[in-house]
Amino acid sequence: MSLDKHFFTPEGTDTYDFSEGKPTPWQSNQEVDRYVPTHCCYCGVQCAMYLKVAAGKVVGVEPRYDFPYNHGMLCPKGTTAYQTVNHPDRLTHPLMRRGGKGGALERASWDEALDTIARRFREIQAAHGNDAVAVYSGSSMTNEKCYLMGKFARVALGTRHCDYNGRLCMSSATGANELSLGIDRAANPVSDLPHADVVFAIGANIGECFPIITSYLWQARDRGCKLIVADPRQTPIARTADLYLPLRPGTDSALLNAMLYVIITEGMVDEEFIRARTSGWEETKAEALKYPPEPVARVCGLKPETIVAAARLYGQAKAALLYTARGLEHQSKGVDNGVACANLALATGNFGRPGAGYMTLTGQGNGQGGREMGQKASQLPGEREIENQEDREYIASVWGIAEPELPHAGYPATLMIPAMERQEIRACFMICSNPLVSLPDQHTVERALRRLDLFVVTDFFLSETAELADIVLPGNVWAEDGGTSTNLEGRVIKYNRAVDPPGEARLDWEIVCDLARRLGKGHAFDYHSQRDIFEEVRVATKGARADYYGITYEKINAQNGVFWPCPTEDHPGTPRLYEDRFGFPDGKARFHPITYLPPAEEPDATYPLVLTTGRVIYHYLSGNQTRRTPFLLEQAPCPWVEMHERTAERLGIAEGDWVTVRTRRGEMTVPALVIRTIRPDTIFIPYHYGHTQAANILTNPVLEPMNKIPEYKVCAAAASKAEQPPAWAKDFDPALLKLAGRNRRALPSAGGRVGPRVR
Ligand code: SF4
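Residues numbered from 1 in each chain as written. Predicted model: local features only at pLDDT ≥ 70, side-chain atom pairs only at ≥ 80, totals over all residues. Heavy atoms only, no water.

Caption draft 1: Representation of unusual backbone geometry. That bond from Trp564 to Pro565 is cis: its omega, -5°, falls within 30 degrees of zero. Looking at the element boundaries, Pro565 is found in the loop between strand S23 (562-563) and strand S24 (589-590). One non-glycine residue, Cys432, adopts positive backbone phi at about 50°. Structurally, Cys432 can be placed in the loop between strand S18 (427-431) and helix H16 (435-438). Taking the relative accessible area as the measure of exposure, Cys432 reaches 15% and is therefore buried. Backbone geometry places His691, a non-glycine residue, at a positive phi of 50°. Structurally, His691 can be placed in the loop between strand S29 (682-686) and strand S30 (700-703). (Helix = DSSP H or I, 4+ residues; strand = E, 2+ residues; numbered from the N terminus. Buried < 20%, exposed > 50% of the residue type's maximum accessible area, 1.4 Å probe, protein only.)

Caption draft 2: Expanded view of the pattern of salt bridges. For the structure on display, the rule yields 51 salt bridges. Here Asp66 and Arg64 are joined by a salt bridge, their closest N and O atoms 3.2 Å apart. For Asp66, a relative accessible area of 43% corresponds to the partly exposed category. The buried category is assigned to Arg64, whose relative accessible area is 10%. Note that Arg545 and Glu178 form a salt bridge whose closest N and O atoms lie 3.8 Å from each other. With a gap of 367 residues between them, Arg545 in the loop between helix H19 (530-541) and helix H20 (553-559) and Glu178 in helix H4 (residues 171-180) connect regions that are remote in the sequence. We classify Arg545 as partly exposed; its relative accessible area is 31%. Through salt bridges that share partners, Asp111, Asp115, Arg506, Asp514 and Arg518 make up one connected network. (Salt bridge = Lys/Arg side-chain N within 4 Å of Asp/Glu carboxyl O.)

Caption draft 3: Expanded view of the nonpolar core. Core analysis: the biggest nonpolar cluster contains 122 residues, and Phe152, Tyr314 and Phe429 have the highest contact counts within it. Both of domain 2 (95-169 + 366-481 + 502-532) and domain 3 (171-360) provide at least three residues apiece to this core. Not counting the four nearest positions on each side in its chain, Phe429 is found in contact with Phe121, Ala134, Val135, Tyr136, Met149, Phe152, Val456, Thr458, Leu473, Val512 and Leu515. (Core = buried A, V, L, I, M, F, W, Y, C linked by side-chain atoms within 4.5 Å. Domains from an automatic or database assignment. Contact = heavy atoms within 4.5 Å.)

Caption draft 4: Representation of the site of the ligand in the model. The immediate surroundings of the ligand are formed by Cys40, Tyr42, Cys43, Gln46, Cys47, Leu74, Cys75, Lys77, Gly78, Pro211 and Ile212. Grouping the constituent residues of the shell around the ligand by class yields 8 nonpolar, 2 polar and 1 charged. (Near = heavy atom within 4 Å. Nonpolar A, V, L, I, M, F, W, Y, C, P; charged D, E, K, R; others polar.)

Caption draft 5: Fine view of helix H10 (residues 293-300). Every buried residue of H10 is listed here: Pro293, Val296, Ala297 and Cys300. Projected onto a plane normal to the axis of H10, the buried residues spread over an arc of 110° and lie on a single side. Of the surrounding secondary structure, the elements contacted by the buried residues of H10 are helix H7 (252-265) and helix H11 (304-316). (Arc of directions from axis to C-beta.)

Caption draft 6: Highlighting the packing of helix H2 (residues 110-128) against helix H18 (residues 508-518). Two elements in contact, H2 and H18, have axes whose closest approach is 9 Å; the angle formed by their N-to-C orientations is 55°. Comparing the axis directions of H2 and H18 gives the class oblique. Seen from above, H2 lies across H18 with right-handed handedness. For the pair H2 and H18, contact is made by Trp110, Asp111, Leu114, Asp115, Ile117, Ala118 and Arg122 and by Ile511, Asp514, Leu515 and Arg518, respectively. Its residues assigned to classes, the contact of H2 with H18 comprises 6 nonpolar, no polar and 5 charged. (Axes fitted to C-alpha atoms, helices over the stretch in contact; angles between N-to-C directions. Parallel < 35°, antiparallel > 145°, perpendicular 65-115°, else oblique. Left-handed = near helix turned anticlockwise from the far one by under 90°.)

Structural data, given as structure tokens:
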């Protein structure tokens with residue numbers, strides 16, 4: 001193919017020759033055979049890129065300048081994602097544990113592995129019922145695979161227990177969207193951001209978790225947009241905010257209610273919008289009026305005048321965009337927090353216009369599509385409800401089964417763990433998930449997974465979780481298959497296959513279909529490509545809230561993605577929701593009064609600090625991929641604990657000291673990073689590491705009552721100087737730690753608004 005003349009050449013760049021494990025010069029003189037257009041496999045932005053293929057191998061990446069949202073930009077993860085494809089750690093043949101639970105994982109043939117799985121699943125189901133086998137799926141997979149996993153669980157296994165790791169990520173957002181707006185999708189495309197007069201980011205570390213979105217923020221600010229940030233940590237965008245609110249973790253809904261109080265009492269409510277387009281206002285207004293700024297400021301650890309200033313900035317904007325992410329959602333009150341955000345946006349009429357809306361930023365690559373393809377415990381494809389008779393009958397007809405054969409709702413992922421521990425669930429098929437890093441209270445999770453009679457993991461690396469499996473099936477990375485993904489805007493985009501999987505590794509969807517055949521259900525899984533599966537997705541979602549019927553592979557390519565809902569082939573798609581109506585039958589959004597409740601654990605004499613956890617720019621989720629990428633690992637080689645210099649001084653801790661952090665679940669020892677960009681009552685540990693480096697050894701497994709997301713962002717903790725380093729420290733290069741510390745050290749706060757850039 002002919003290349004755009006603006007493409008840079010890779011000469012002079014270094015890469016790594018994984019076969020030798022040391023840096024070698026870039027293969028700059030090697031001809032690139034093909035440039036395959038695709039998208040980054042990591043976060044929900046799903047930046048467009050070309051993969052460079054030479055001699056059947058992916059050898060590099062070029063950003064795509066011609067795609068409408070990343071315009072040639074890629075963050076550090078995107079530029080290095082291709083290095084996972086040829087990585088020496090790739091699984092290249094099936095593995096089976098021989099000699100019982102204490103035995104080793106050894107090479108097996110595909111026939112032996114798949115026949116064993118099918119036989120054991122059938123035996124376990126015959127002895128304990130169909131629901132004794134669970135499917136634990138992922139959301140960093142194509143829509144086609146997410147759809148396939150929901151169908152595999154319900155049709156091939158006939159189990160009600162099917163859920164996915166998006167439970168740990170997007171379920172608070174889903175709950176709030178469904179309660180308030182009626183559709184579980186971002187209200188606006190990212191291109192709306194530059195039209196905002198005010199952006200309010202609460203619990204959203206945009207600069208590190210969605211780096212490319214930052215450029216849109218700057219476009220908005222170039223035309224005078226004000227930025228409000230509420231976060232216990234002064235994140236990169238917070239350092240440049242017009243107004244920064246360092247709120248105490250877990251107090252989000254109190255702050256949002258107090259802002260609504262000010263908006264009501266100072267006459268900034270959009271009465272006409274509320275009357276014409278919403279219901280339930282009076283009850284919500286009455287509740288919000290119980291939250292004057294002065295007492296709320298004490299709860300949130302803020303100054304009352306800061307809350308008033310934030311409310312005025314937001315309430316007076318002609319168009320305001322409210323962004324949230326896991327900071328607000330990873331809480332036992334996560335759904336309430338999201339509803340409180342929606343209340344604020346609805347009260348000020350901030351929906352259905354450019355620059356006006358409420359968006360939860362999706363963390364996983366296909367966190368949006370993954371939650372609407374029918375792999376959730378309570379859902380069928382298209383955001384259809386598994387307990388709705390009409391939805392059940394429709395999907396049963398698409399799948400060629402009688403409606404009574406379709407299982408009912410099962411356990412969400414977080415409740416599968418206790419069910420495994422009490423041996424109600426006795427076998428599990430897991431794909432593209434790493435709960436032994438990502439679930440809270442790791443000791444309990446490990447105990448539960450070890451109790452399974454049969455544990456099968458499909459993945460492309462031997463993750464911490466796969467190490468525990470009885471059978472490991474080698475699957476594909478994103479560059480080895482096609483299919484669609486739905487980004488954080490609700491835009492359906494297309495991956496394209498660049499190379500074949502290595503060794504005996506197979507495409508994930510082929511593995512699942514092969515297993516379905518061995519379970520006697522091959523007739524329902526007679527697909528020959530991801531396109532075949534997508535054609536069925538179109539039919540399965542037809543007429544549903546998340547309607548993909550009008551989306552085709554050709555249309556995605558022609559339009560640079562298509563936003564759902566897209567009900568017919570001549571429909572252009574729907575970039576902005578709620579222009580005329582919300583997603584409920586009466587077309588009106590619904591206010592819900594929110595009563596602030598404190599986090600499940602609050603500091604006390606034994607655990608006087610608040611521990612919060614999160615991401616850093618260099619790693620993705622459980623780190624199964626990014627910890628194998630040399631540049632990313634070098635930048636963030638191990639976890640650390642960030643603490644304020646006043647806290648460190650009080651505890652006698654200096655930068656680089658080993659610190660033991662304790663909670664009611666366990667303890668871990670990590671190096672200290674002493675900073676000023678965090679509340680003195682709060683400490684932070686990144687969660688991308690495994691085994692004894694897993695922050696989730698410490699976190700609280702308490703769940704949000706409706707959507708069952710854990711409270712990753714708030715628990716009571718204690719910290720003290722460690723008597724000795726952890727065992728893993730002996731393998732650790734202190735120079736790397738120093739480098740990591742430097743990278744985490746924040747620039748001094750800008751102390752207020754950073755003006756427009758000089759072009
Ligand atoms: Fe873009 Fe996200 Fe990939 Fe970074 S990680 S390149 S922001 S999709």
